[in-house]
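Commentary on secondary and tertiary structure
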Amino acid sequence: MLTGLILALTAGALVSLQNIFNSKVNDHTGKWATTTLVLGMGFAASAVMGLLLEGTNMFTLRHMQPWYWFSGIIGVGVVICLVQATKMLGATYAIAIVLTSQLGFALLFDSLGWLGLSKVPFSWNQGIGVLVIVGGILVFKLGGNRAEQKAAKREPENHMLRADQSA
């Protein structure tokens, strides 16, 4: 259990880090170039690591459903959506929404036993947990110090005054 917890925490940190890097790449290229670079480098890295660690056995696909192959296409959607959401919302807000969406859909898929998952009975505690996280995101985004928000709105005006005074 501890190993699973550490791996999950590491994955969360890596997703956040990758999202920031992807956003910076997108600033200098475009969304499709970013996606190609990200997924292309991921393919190259995983192919090298797979060959080093598993050899040619990594290409043995036993009893795999054909629709599992769509995972790579889904990855394109993930990268495109995350890069654009980060650009529009900022890293923290975008990741918070993404993680909440992941949790909500995982709960749905588990509860209904979809996509080959073992059916896990839904409990109201799980549903309330997701709603608490949504509430936390709302507090994060909508809350905060009103004086800071007002100062941020006045800042462009202050820059104009300083420019006028220096002339």
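In what follows, the accompanying structure is described. Quantities reported herein were computed from a predicted structural model and do not represent experimental measurements.

1. A few points about the packing of helix H1 (residues 2-28) against helix H3 (residues 71-89)
Where H1 meets H3, the axes come as close as 9 Å, and the angle between the chain directions of the two elements is 80°. As judged from the angle between their axes, H1 and H3 are roughly perpendicular. Side by side, H1 and H3 meet where Asn19, Asn22, Ser23 and Asn26 of the first sit next to Val79, Leu82, Val83, Gln84, Thr86 and Lys87 of the second.

2. Looking at unusual backbone geometry
Not every positive phi belongs to a glycine, and His63 is a case in point at roughly 50°. Structurally, His63 is set in the loop between helix H2 (31-54) and H3. A relative accessible area of 80% means that His63 is categorised as exposed.

3. Side note on H3
One turn of the α-helix equals 3.6 residues, which is why residues spaced by three or four share an orientation. Between the first and last C-alpha of H3 there are 26 Å, a value that for 19 residues agrees with the 27 Å anticipated at 1.5 Å per step. Within the sequence span of H3, burial applies to Gly75, Val79, Ile80, Leu82, Val83, Gln84 and Thr86. Where H3 is buried, its residues contact H1, H2 and helix H4 (91-112). Gly90 occupies a position one or two residues after H3 and carries a positive phi of about 95°.

Conventions used here
Residues numbered from 1 in each chain as written. Predicted model: local features only at pLDDT ≥ 70, side-chain atom pairs only at ≥ 80, totals over all residues. Heavy atoms only, no water. Axes fitted to C-alpha atoms, helices over the stretch in contact; angles between N-to-C directions. Helix = DSSP H or I, 4+ residues; strand = E, 2+ residues; numbered from the N terminus. Parallel < 35°, antiparallel > 145°, perpendicular 65-115°, else oblique. Contact = heavy atoms within 4.5 Å. Buried < 20%, exposed > 50% of the residue type's maximum accessible area, 1.4 Å probe, protein only. Expected span 1.5 Å × (residues − 1).

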